[in-house]
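# Coordinate inspection notes
Here are the chains, one letter per residue:
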Amino acid sequence: MGWYHAGDCCEIDDGATVGYMHGDDVSPTTLGDRARIREGTIVYADVDVGDDFVTGHNALVRENTTIGDEVVVGTETVIDGTCEIGSNVSLQTGVYIPTHTTVGSNVFIGPKATLTNDPYPVRQDVEMQGPTIEDGVSIGANATILPGVTIGEGAFVAAGSTVTEDVPPETLAVGSPAEHRSLPDELDTENELA
């Protein structure tokens, strides 16, 4: 149920909501061709999604979000609105993407990775600034990316790392706080997302 326009061959499970109304002045959700939205998922109005969009169960995509083609939003993943997600992106189970975040294309974000947008949670009233994840980035499971951080093109963030500062392109970030290293040979390739 909801307000949306769907392309060809879309499958929306019973118990999923597409076009969730969040106010009076909203636009319908637009789904490209071959979307597959599973039970428990909620996609707000004012969301534009490209072709071949797939969700797990109980995912959430909030308003003012643009998503490219061939994007997977895993079970219990949250895209908290006002975000831009590129094409050929895989957000695994339990990923959190806060408002004002940009994710490029050909990006992998592993299970339970958390991106943040508030530099002083509930201590100061400041403008939220989500991270920028450039094209070709891989982020491992349980990594945390702090507000305003840019992860450069082709960089790799190791599982469990806490990234407190920008990561240069083609760099490995590992540890807490993350230190930057040269990419080892086995990671010095492009992402091959299915």
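So, here is what we can say about the structure in this document. On a predicted model such as this, the values are computed, not experimentally measured, just so you know.

What follows is about the overall build of the chain. A count of helices and strands for the chain gives 0 helices and 26 strands. Over its C-alpha trace the chain gives a radius of gyration of 17 Å, about what one expects of a compact globule, namely 16 Å for 194 residues. The principal-axis extents of the C-alpha atoms in the chain amount to approximately 50 × 40 × 20 Å. Expressed as a percentage of its 194 residues, the buried residues of the chain come to 42%. In the chain, 24% of the contacts between residues at least 6 apart in sequence involve partners at least 24 apart. Separation of charge centres in the chain, based on 7 positive and 33 negative side chains, amounts to 9 Å.

With that settled, the discussion passes to the pattern of salt bridges. Tallied over the entire structure, the rule returns 5 salt bridges. A salt bridge links Glu11 to Arg36; the shortest N-O distance between them is 3.6 Å. Remark: Arg36 occurs in strand S5 (residues 36-37) and Glu11 occurs in strand S2 (residues 11-12); sequence separation between them is 25 residues. Accessibility expressed as a relative area gives 47% for Glu11, which makes it partly exposed. Residue Glu63 pairs with Arg62 through a salt bridge whose shortest N-O separation is 3.0 Å. Overall, Glu63 belongs to the buried group, its relative accessible area being 16%. Owing to a relative accessible area of 25%, Arg62 belongs among the partly exposed residues under this scheme. Counted as one network, the salt bridges with shared partners bring together Glu11, Asp13 and Arg36.

Cut-offs and rules
Residues numbered from 1 in each chain as written. Predicted model: local features only at pLDDT ≥ 70, side-chain atom pairs only at ≥ 80, totals over all residues. Heavy atoms only, no water. Helix = DSSP H or I, 4+ residues; strand = E, 2+ residues; numbered from the N terminus. Rg over C-alpha atoms; globule rule 2.2 N^0.38 Å. Buried < 20%, exposed > 50% of the residue type's maximum accessible area, 1.4 Å probe, protein only. Contact = heavy atoms within 4.5 Å. Lys, Arg positive; Asp, Glu negative; His and termini not counted. Charge placed at Lys NZ, Arg CZ, Asp CG, Glu CD. Salt bridge = Lys/Arg side-chain N within 4 Å of Asp/Glu carboxyl O.

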